[in-house]
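# Reading the structure
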Amino acid sequence: MTPKEVVELAKKKAVRIVDIKFTDLLGAWQHFSVPTSELEESLFEDGLGFDGSSIRGWQAINNSDMIVLPDPTTAMMDPFMKVPTLSLLCNIADPITKEKYSRDPRYIAQKAEAYLNSTGLGDTGYFGPEAEFFIFDDIRYQNDSNQSFYAVDSEEGIWNSGRDEGPNLGYKPRHKEGYFPVSPTDSLQDIRSEMLLTMEEVGIEMECHHHEVATAGQCEIDMRFAPLVKCADNLMWYKYIVKNVAKRHGKTATFMPKPLFGDNGTGMHVHQSIWKGGKPLFAGNGYAGFSEMGLHYIGGILKHARAICAFTGPTTNSYKRLVPGYEAPVNLAYSSRNRSAAVRIPMYSESPKAKRMEARFPDPSANGYLAFAVMLMAGLDGIENKIDPGEPMDKDIYSMGREELSNIPTLPGSLDEALDALEGDHDFMLKGDVFTQDLIDTWIDYKRENDIASLRLRPHPYEFEMYYDV
């Protein structure tokens, strides 16, 4: 829509409040609201001011003034507000120069799309994330100088199979047996359906929903692929809707990668392809029906995967999911069907339009704008430099011996390692000024200070079980 059409839509829908949403550095939506009297066509050019120093990883307090510039193409009625509320997603700019802000994740994603076009290699990068999540009935946690604990609970949790629930009627999914059972074992069908239908209300094309592998309410809802920025916008709506529908039902949803010990973690496999002039460019006569361009794209992803992880697995908790020896895709190899490889080429369809690669190592704690942008830049680097991905890994990795496995590189084992990799490998991200050196340095410094150091300083509850009697 144009600014004029947005103003007309607000009148048609009897909108009373306009909600201004933007994404912070780490990937969380921030917002403030204004009355519809502020909604004029000039708003989209003049913007609205706010304090950038109060947003994580952004401005210093002595240079805090910033403005939000609403994007009229993102206008959508908020499905959760009692008062009729129009939602607008925004870009961030300097109030004096009106230049877009280099640490705005949405702007970085826009620059990545522009860089793809500038190369002439393609005109559209399609992304399709499969974001998993847990729906719990209760979550409690506390961290003080003298105590630390967390406790999650779910009516579906296998640990509740012996609890008197007045009565307990059974049907708790066992560990690693939550994939695809019907109700009553799958107790979350109606909630997921409500989530999916709400996503359609805000304009997201949806594909399916289902219970995932873990016990205690692990779920997945799949959205249709979309161009990079649009897909990242959709992912923000996706997380917002999942959390708010869960809350509406007296439950709580989390995208934390590894909230439960002893069961599957939560990933976000990301399907990717490049098109030009309406034609898919990853279909060809090579391995698994892939083109040379598609294989080179995979080569770029694999070459830079350890650095990519700083954005696609951006939490210390991410690496409790990415553990060798389990189903986690920690091996830097590609395959047509092997799900323990970092990159897979799905084989569900022979249609050229369905040909895409799937990065299996990202998780939904990622900021979608940054994660999709860094993967596109790595893939384009692979195409531009004709990076050979090597031989595919179609063997059963679990049956391979230690010597054989030693020849396969792996993902970082911690966020610390991922940040070290990013520090030493980020030139491919700087092309086209997509990522700036300032953004990369800010990300590394913020994560080391606020994630790694904060966790390192604190005793872990399990250390008391291991070491109290030393």
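The following paragraphs examine the structure supplied in this document. From a predicted model like this one, the values you see are computed outputs, not experimental measurements.

## Observations regarding the overall build of the protein
Scanning the protein from N- to C-terminus turns up 12 helices and 18 strands. Scaling as 2.2 N^0.38, a compact globule of 470 residues should have a C-alpha radius of gyration of about 23 Å, and the protein matches this with 23 Å. Expressed as a percentage of the 470 residues in the protein, the buried residues total 53%. Taking the contacts inside the protein whose residues are at least 6 apart along the sequence as the reference set, 69% of them involve residues at least 24 apart. Total accessible area on the protein stands at roughly 21,800 Å², and carbon and sulfur atoms take up 50% of it. Within the protein, the 69 negative side-chain charges are centred at a point lying 3 Å from the centre of the 48 positive side-chain charges.

## A word on helix H9 (residues 415-424)
If you check which residues of H9 are buried, you get Leu 415, Ala 418, Leu 419, Ala 421 and Leu 422. Buried residues of H9, seen end-on, are gathered within an arc of 155° and therefore sit on one face of the element. Packing partners of the buried residues in H9 comprise helix H6 (292-312), helix H10 (427-430) and helix H11 (437-456).

## Considerations on the layout of surface pockets
Quantified by volume, the second largest pocket comes out at close to 190 Å³. If you trace the second largest pocket, you find 13 residues lining it, with Glu 155, Gly 170, Lys 172, Pro 184 and Ser 187 closest to the centre.

## Some remarks on the packing of aromatic side chains
Under the criterion given, the structure shown has 22 aromatic pairs. For the pair Phe 50 and Trp 58, a centre-to-centre distance of 6.4 Å together with 55° between the ring planes defines the contact as tilted. A single burial state applies to Phe 50 and to Trp 58, both of which are buried. Plain terms: the ring middles of Phe 134 and Phe 136 are 5.3 Å apart, the flat faces sit at 15° to each other, and that makes the pair stacked.

## Structural notes on the packing of H9 against H11
Running from N to C, H9 and H11 point in directions that differ by 160°, and their axes come no closer than 10 Å. Considered as vectors, H9 and H11 are oriented roughly antiparallel to each other. Here the hand of the crossing between H9 and H11 comes out left-handed. Where H9 approaches H11, its residues Leu 415, Asp 416, Leu 419, Asp 420, Leu 422 and Glu 423 are matched on the opposing element by Ile 440, Trp 443, Ile 444, Lys 447, Arg 448, Asp 451, Ile 452 and Arg 456.

## Regarding the side chain of Lys 251
Position of Lys 251 relative to the elements: it lies in the loop between helix H5 (228-248) and strand S13 (252-254). With residues up to four places along the chain from it excluded, the contact list for Lys 251 reads Ile 135, Phe 136, Asp 137, Glu 155, Leu 188, Ile 191 and Ala 246.

## Overview of empty space enclosed by the protein
This structure, assessed with the given rule, holds one cavity of 30 Å³ or more. Here the largest cavity is characterised by a volume of approximately 30 Å³. Ile 135, Phe 136, Asp 137, Ser 154, Glu 155, Glu 156, Ser 187, Leu 188, Gly 217 and Lys 251 together form the lining of the largest cavity. Across the lining of the largest cavity, the residue classes tally to three nonpolar, three polar and four charged.

## Here's the deal with H6
Between its terminal C-alpha atoms H6 stretches only 25 Å, short of the 30 Å expected from 21 residues at 1.5 Å a residue. The largest bend along H6 reaches roughly 75° and is located at Ala 305. Counting buried positions over the 21 residues of H6 gives 18, a clear majority of the element.

## So, the environment of Ser 161
Structurally, Ser 161 is set in the loop between strand S9 (148-153) and helix H4 (189-201). The exposure class assigned to Ser 161 is partly exposed, which follows from its relative accessible area of 47%. Expressed as a C-alpha distance, the spacing of Ser 161 and Tyr 171, which sit 10 residues apart in the sequence, is 8.0 Å. Among residues more than four places away in sequence, those in contact with Ser 161 are Asn 168 and Lys 172. A polar contact of 3.0 Å, which involves the side chain of Ser 161, links it to the backbone oxygen of Ile 158.

Rules used in this analysis
- Residues numbered from 1 in each chain as written.
- Predicted model: local features only at pLDDT ≥ 70, side-chain atom pairs only at ≥ 80, totals over all residues.
- Heavy atoms only, no water.
- Helix = DSSP H or I, 4+ residues; strand = E, 2+ residues; numbered from the N terminus.
- Rg over C-alpha atoms; globule rule 2.2 N^0.38 Å.
- Buried < 20%, exposed > 50% of the residue type's maximum accessible area, 1.4 Å probe, protein only.
- Contact = heavy atoms within 4.5 Å.
- Areas by Shrake-Rupley, 256 points an atom, 1.4 Å probe, with all protein chains shown as cover.
- Lys, Arg positive; Asp, Glu negative; His and termini not counted.
- Charge placed at Lys NZ, Arg CZ, Asp CG, Glu CD.
- Arc of directions from axis to C-beta.
- 1 Å grid on protein atoms, 1.4 Å probe; cavity = no way out; pocket = protein on both sides within 12 Å on 5 of 7 lines; lining within 4 Å.
- Points joined across faces, edges and corners; volume = space filled by probe spheres on them.
- Phe/Tyr/Trp six-rings, centres within 6.5 Å; stacked < 30°, edge-to-face > 60°.
- Axes fitted to C-alpha atoms, helices over the stretch in contact; angles between N-to-C directions.
- Parallel < 35°, antiparallel > 145°, perpendicular 65-115°, else oblique.
- Left-handed = near helix turned anticlockwise from the far one by under 90°.
- Nonpolar A, V, L, I, M, F, W, Y, C, P; charged D, E, K, R; others polar.
- Expected span 1.5 Å × (residues − 1).
- Bend = angle between axes of the 7 residues up to and from the residue.
- Polar contact = N/O pair within 3.5 Å; in protein donor to acceptor, adjacent residues only side chain to side chain.

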